[in-house]
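Coordinates in review
Letter by letter, the chains look like this.
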Amino acid sequence: MAKGRPRVATGGSTKGTTVIWGDFGLRMTDKQRRISAKSLKMAEDTIKVRLRGQKYRLYKRKCCNIGVYVSGNEMRMGKGKGSFDHWATRMAVSQILFEVRGRIHEQVVRDAFRLAGNKLPGQWEFVKKGEAPVVGITKLDGVTLEELKRPRRQLPPAQIIEQAGFSPSIAEAGNGGQPPASL
């Protein structure tokens, strides 16, 4: 894998954008990126410290399964792939990273997720169970995925245009909307 921005599939999928196991979740909102295992562990520890003493269960929806290899700066081209540096995971836009379930107040969970989001790269939002899924950055509130794929404006069929008596042609368009002169 080359350096730079990671390739993440961001097509028209709602997979992983809703809270499934818990009652509350932490969702990424800005753009796809790679998150290191160190950042992920730090955010998880922040949530655990904030919720200490509460009855809850924390779910991680992503695991770090991408090895990141780097070669030093000012190295010439070639000479192999480089040495292993750290583990990371790829996060697509609008995916859930953490979920929490338990007998716990919403404001406490909100605060814990706010603190964890500050430790992670990017922008994050708090979501509840039952909220609408997301495609890209578009929330599907009452809108289905099929409706998003259809054209936005319904074009009238040719039969309706002919019944109305209006059939524009190239010659009519050229003379400023005046009716054609009869011979």
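The text that follows walks through the structure, step by step, so that each part is easy to find. The shown structure was predicted, so the numbers you read here are calculated from the model rather than taken from an experiment.

Enumeration according to the criterion identifies five aromatic pairs in this entry. Plain terms: the ring middles of tryptophan 21 and tyrosine 59 are 5.8 Å apart, the flat faces sit at 45° to each other, and that makes the pair tilted. Note that tryptophan 21 is positioned in the segment before strand 1 (24–28) and tyrosine 59 in strand 3 (residues 55–60), a separation of 38 residues in sequence. According to the relative accessible area criterion, tyrosine 59 is buried, its value standing at 13%. Ring geometry for tyrosine 69 against phenylalanine 84: centres 5.6 Å apart, planes inclined by 75°, an arrangement best described as edge-to-face.

The strands that make up a sheet are held in pairs by hydrogen bonds between backbone atoms, and each pair lies either parallel or antiparallel. Spatially, 3-6-1-7 is the arrangement adopted by the four strands of the open sheet, whose pairing is antiparallel. Of all strands in the sheet, those bounded by a partner on one side alone are strand 3 and strand 7 (124–128). Averaged over all pairs of adjacent strands, the angle between their axes in this sheet comes to 20°, without regard to strand direction. Note that strand 1 and strand 7 share five bridges and pair antiparallel. Bridge pairing in strand 7 links leucine 26 to phenylalanine 126.

Turning to the nonpolar core, a few remarks are in order. Residues Ile47, Phe98, Phe113, Leu120 and Trp124 are the most contacted members of the largest nonpolar core, which totals 22 residues. Broken down by secondary-structure element, the contributors of at least two residues to this core are strand 1, helix 1 (37–50), strand 6 (96–103), helix 2 (106–119) and strand 7. With five residues, the top contributor of residues to this core is helix 2. What phenylalanine 113 contacts, discounting residues up to four positions off in sequence, is Phe24, Gly25, Leu26, Ile47, Phe98, Glu99, Val100 and Phe126.

For the structure shown, the criterion picks out eleven salt bridges. With a shortest N-O distance of 2.6 Å, aspartate 111 and arginine 50 are connected by a salt bridge. With a gap of 61 residues between them, aspartate 111 in helix 2 and arginine 50 in helix 1 connect regions that are remote in the sequence. With its nearest N and O atoms 2.3 Å apart, the salt bridge here joins glutamate 99 to arginine 61.

What counts, and where the lines are drawn
For every chain, the first residue of the written sequence is number 1, and numbering continues from 1 onward in sequence order. It should be noted that, the model being predicted, local features are given only for residues of pLDDT at least 70 and side-chain atom pairs only at 80 or more, the latter also being counted only at that level, while totals for whole chains, interfaces and linings use all residues. Excluded from the side-chain calculations are hydrogens and water; all other atoms, namely the structure's heavy atoms, are used. Pairing of aromatic rings covers Phe, Tyr and Trp, the last counted by its six-membered ring, and requires centre-to-centre distances within 6.5 Å; plane angles under 30 degrees mean stacked, over 60 mean edge-to-face, and any other angle means tilted. Helical segments are the DSSP runs of H or I of at least four residues, strand segments are the runs of E of at least two, and each set is numbered from the N terminus. Working definition: with a 1.4 Å probe on protein chains only, accessible area under 20% of the residue-type maximum means buried, over 50% means exposed, and in between means partly exposed. At least two DSSP bridges between two strands are required for those strands to pair. Note on definitions: angles span 0 to 180 degrees between N-to-C directions of axes, and those axes are lines fitted to C-alpha atoms, for helices only across the stretch in contact. Take the buried Ala, Val, Leu, Ile, Met, Phe, Trp, Tyr and Cys residues and link them wherever side-chain atoms come within 4.5 Å; each set so joined is a nonpolar core. Working rule for contacts: check all heavy atoms of both residues, and any pair within 4.5 Å makes them a contact. The rule for a salt bridge is simple: a side-chain nitrogen of Lys or Arg has to be within 4 Å of a carboxyl oxygen of Asp or Glu.

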